[in-house]
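Structural description and commentary
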Amino acid sequence: MIYLDNAATTPLTESVIAEMTQAMTLQLANPSSIHTHGRLASQKLREYRQTVASLLSTTPNNIIFTSGGTESNNTALKGYALAHQEKGKHIITSALEHHSVLHTLEYLEKHFGFEVTYLQPVNGDIRLEDLRAALREDTILVSLMYANNETGDMLPIAKVGDLLKDHSAAFHVDAVQVAGKILLEPEKLGIDFMSISAHKFHGPKGVGILYNNRMLFDPLLHGGEQEDKHRASTENLIGIAGMTKALADSHDHLDENWNKVTRLNQAFLEQLSGLDFYLNSKAKAIPHVLNIGFPGANNGVLLTQLDLQGYSVSTGSACTAGTVDPSHVLAAKYGDDSPKLQESIRISFSELNTEEEVIGLANLLKSLLGD
Ligand code: PLP
């Protein structure tokens, strides 16, 4: 079986498994307990937080451990919007965001009367001038993703951070698809909230980070006083141990991994030459995600054929009862009626893939789709 669906999730590495096994063996107690066992656990938690903070060039009090990208996005958006609604009820985002952002904002619109502007891509890009035109006095929050999970396309986050220096709106960035792949320094980028999920960079599922640059927000989970009163519930120490190790490992090899994945992406495309295809990922996309369409193909059928031959890839949009839901990302780029929505699949690489695997997939696609 060959796994090329790394934008959905990545496998745990040996070193992450070893770190989590060691954390399990320590039988860490509840870090909130005041006895010696508890203090040992809270010392470990402090170490993990310190490591994560230094990898993100920030201070430990800006790091909140969560259950993943969805919770981090929900916390930043609902938490900030509800705490600041007296200042304004306008939020700006893009039509390309992950559902954990879009559905959260729809909830704020429906139940709390917020007004959300959805920036639409023009030639595939979210444009700064559109953001500038959408900003209003009552805009309290701007939420944009660093890279899209279906196409890998990168949004101009640093430029947005610059633009927002002259506006009081808070800036939330869903960095789930870039964490562990590029150096992330939210303080330098003018980011107020940033979401990260461990399982996208070879960490465990169900654990993540919300970076918060000392912004006031309501917690999503009420209860105990964990995470500096920002997130109740006993911390997932084993998950946090694995995530910290995975982030540290990826930062040790950022350039090397990026170059390897770039080579895999190129080798795949070179091998595909001769076949009729088009790319939905732009030149500015992260090399880890390749969204590619084959004129006349049906992506649901194609995914099944590939699966039967041992290749796991996806479309990036949800699959319900064996059929592929049309992608809201491709719909925003091309329109609801575009045949590209049915013809496209997402192949997503990690540095653990090999050239042999991607060439094998290209050859298989040629044999399935070629004349
Ligand atoms: N944001 C983006 C861009 C994602 O790709 C994902 C995961 O697919 C999430 C958020 C949600 O992360 P999690 O699975 O950790 O809840």
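The structure contained in this document is the topic of the report that follows.

Reading the values: rules and limits
- Residues numbered from 1 in each chain as written.
- Predicted model: local features only at pLDDT ≥ 70, side-chain atom pairs only at ≥ 80, totals over all residues.
- Heavy atoms only, no water.
- Helix = DSSP H or I, 4+ residues; strand = E, 2+ residues; numbered from the N terminus.
- Expected span 1.5 Å × (residues − 1).
- Buried < 20%, exposed > 50% of the residue type's maximum accessible area, 1.4 Å probe, protein only.
- Arc of directions from axis to C-beta.
- Contact = heavy atoms within 4.5 Å.
- Pairing = 2+ DSSP bridges.
- Axes fitted to C-alpha atoms, helices over the stretch in contact; angles between N-to-C directions.
- Phe/Tyr/Trp six-rings, centres within 6.5 Å; stacked < 30°, edge-to-face > 60°.

The end-to-end C-alpha distance of helix H9 (residues 254–271) is 26 Å, a good match for the 26 Å that 18 residues give at a rise of 1.5 Å each. Looking only at H9, the buried set comprises Leu254, Asn257, Val261, Leu264, Asn265, Ala267 and Phe268. Around the axis of H9, the buried residues are gathered within 170° of arc, so they sit on the same side. For H9, the exposed residues lying more than 90 degrees away from the buried face are Asp255, Glu256 and Glu270. On its buried face, H9 sits against helix H8 (237–252), strand E10 (289–293), strand E14 (344–348) and helix H13 (355–369).

Strand order in this open sheet of seven strands is E2-E8-E7-E6-E5-E3-E4, and the pairing throughout is mixed. Either end of the sheet is taken by a strand with one partner, and the two such strands are strand E2 (63–66) and strand E4 (115–119). Here the average twist between neighbouring strands, direction ignored, is 20°. Bridge count between strand E5 (residues 139–145) and strand E6 (residues 170–174): five bridges; the pairing is parallel. In the sheet register, Met145 faces E6, and the bridge partner there is Asp174.

Once that is clear, we can look at the packing of aromatic side chains. With the rule as written, the count across this model stands at four aromatic pairs. Seen in terms of ring centroids, Phe193 and Phe217 are 5.7 Å apart; in terms of plane orientation they differ by 85°. Their pairing is edge-to-face. Of the two residues, Phe193 is situated in strand E7 (residues 193–197) and Phe217 in the loop between strand E8 (208–212) and helix H7 (226–229); the sequence distance between them amounts to 24 residues. With relative accessibility at 0%, the residue Phe193 sits in the buried group.

Among all residues except glycine, the phi angle is most often negative; among peptide bonds, the trans geometry is most common. Located in the positive-phi region is Gln27, a residue other than glycine, with phi close to 50°. As for its position among the elements, Gln27 is in the loop between helix H1 (14–25) and helix H2 (36–55). The phi torsion at Asp228 lies on the positive side, around 55°, for a residue other than glycine. Tracing the sequence through the fold places Asp228 in helix H7. Overall, Asp228 belongs to the exposed group, its relative accessible area being 58%.

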